[in-house]
Amino acid sequence: MIKEFLNCISLYTIPVILLVILIYALFKKVSIYETFVSGAKEGFKVGVMIIPYLVAILVAIGMFRASGAIDILTALLAPILNKIGMPAELLPLAIIRPLSGSGALGIMAEIASEHGANSFIAKMAAVMVGCSETTFYVLTVYFGSVGITKFRHALWAGLIADIAGILAAVTISNIIFI
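Describing the packing of helix α2 (residues 32–49) against helix α3 (residues 51–66)
If you want to describe how two helices pack, look at the angle between their axes and the distance between the axes.
Consideration 1: As a packed pair, α2 and α3 sit with axes 4 Å apart at the nearest point and diverge in direction by 50°. As the angle between them shows, α2 and α3 are arranged oblique. Across the interface between the two elements, Gly 47, Val 48 and Met 49 of α2 pack against Ile 51, Pro 52 and Tyr 53 of α3.
Consideration 2: Its residues assigned to classes, the contact of α2 with α3 comprises five nonpolar, one polar and no charged.

A short note on the confidence of the model for the chain
Consideration 1: Per-residue confidence for the chain gives a mean pLDDT of 87, with 100% of residues at or over 70.
Consideration 2: Across the chain, the element-wise mean pLDDT spans from 77 in α3 up to 95 in helix α7 (residues 120–131).

Focus: helix α8 (residues 135–145)
Consideration 1: Among all positions of α8, only Thr 135, Leu 139, Val 141 and Ser 145 are buried.
Consideration 2: Just downstream of α8 lies Gly 147, where phi reads positive at about 85°.

Some points on a nonpolar patch on the surface
Consideration 1: Together, Phe 44, Val 48, Ile 51, Val 55, Val 59 and Met 63 make up an exposed nonpolar region whose accessible area comes to about 610 Å².
Consideration 2: Put simply, the parts of the chain that give the nonpolar patch at least two residues each are α2 and α3.
Consideration 3: Take the nonpolar patch: its biggest share by element is four residues, from α3.
Consideration 4: Among the secondary structure elements, Val 48 is positioned in helix α2.

Reading the values: the criteria
- In this numbering scheme, every chain counts its residues from 1 along its sequence in written order.
- Totals for whole chains, interfaces and linings use all residues, but because this is a predicted model, local features are given only for residues with pLDDT of at least 70 and pairs of side-chain atoms are given and counted only at 80 or more.
- As a rule here, side-chain values come from all non-hydrogen atoms in the structure, and water together with hydrogens is ignored.
- Only the contacting stretch of a helix is used when fitting its axis, a line to C-alpha atoms as for every element, and angles between N-to-C directions run 0 to 180 degrees.
- Strands here mean DSSP runs of E at least two residues long; helices mean DSSP runs of H or I at least four residues long; both are numbered from the N terminus.
- Note on terminology: angles under 35 degrees are roughly parallel, angles over 145 are roughly antiparallel, angles of 65 to 115 are roughly perpendicular, and the others are oblique.
- Throughout, a contact is declared for two residues whenever any of their heavy atoms are within 4.5 Å.
- Throughout, the ten residues Ala, Val, Leu, Ile, Met, Phe, Trp, Tyr, Cys and Pro are labelled nonpolar, Asp, Glu, Lys and Arg are labelled charged, and all others, Gly among them, are labelled polar.
- Confidence of the predictor at the level of single residues is captured by pLDDT, which takes values from 0 to 100.
- Any residue under 20% of the maximum accessible area for its type is buried, any over 50% is exposed, and the rest in between are partly exposed; the area is computed with a 1.4 Å probe on protein chains only.
- Only residues whose relative accessible area exceeds 30% and that form no salt bridge enter a patch; like-charged residues are grouped when within 9 Å of one another, and nonpolar side chains (Val, Leu, Ile, Met, Phe, Trp, Tyr) when within 5 Å.
- Accessible areas in this description were obtained via Shrake-Rupley with a 1.4 Å probe; residue shielding takes into account the shown protein chains only.
- One speaks of a salt bridge when a side-chain nitrogen belonging to Lys or Arg is within 4 Å of a carboxyl oxygen belonging to Asp or Glu.

Spelled out as structure tokens, the structure:
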């Protein structure tokens with residue numbers, strides 16, 4: 001029952017949102033195409049401005065993975081993770097997700113390839129990616145592009161939200177997929 005309801009919601013959510021946005025724009029007499037092109041131009045400018053921040057965070061992620069620190073941390077925390085219902089293989093995903101969305105997707109793809117796309121661990125990984133945010137990416141790229149340098153409270157709020165998202169993903173996955 002719950003699975004069918006969730007499948008129905010997931011199937012229609014994005015098309016309904018897009019349709020509502022288009023109808024609202026037409027109702028408000030917004031020039032949709034010109035607005036879209038204007039936004040794309042601004043997006044390109046922002047993209048060029050954030051390249052240095054992207055390079056810095058991608059190098060840091062590469063160093064963290066290559067050093068083996070993730071593997072050591074996974075081995076140390078495995079007993080605790082198993083008690084809360086989280087497979088230890090998902091810890092690298094939980095660590096990398098606040099740093100990089102593409103890095104997290106790469107780890108998720110490795111998990112799906114190793115365990116099977118329809119496996120419990122792959123499903124939990126997918127829910128984790130959906131329940132968390134690229135906190136450090138957002139802080140460095142978006143805050144940096146507009147010149148915000150004092151983001152201490154935003155950092156803590158983002159990290160607490162990431163932890164809550166990971167715990168929610170574990171709980172929901174254990175309820176729905178087992």
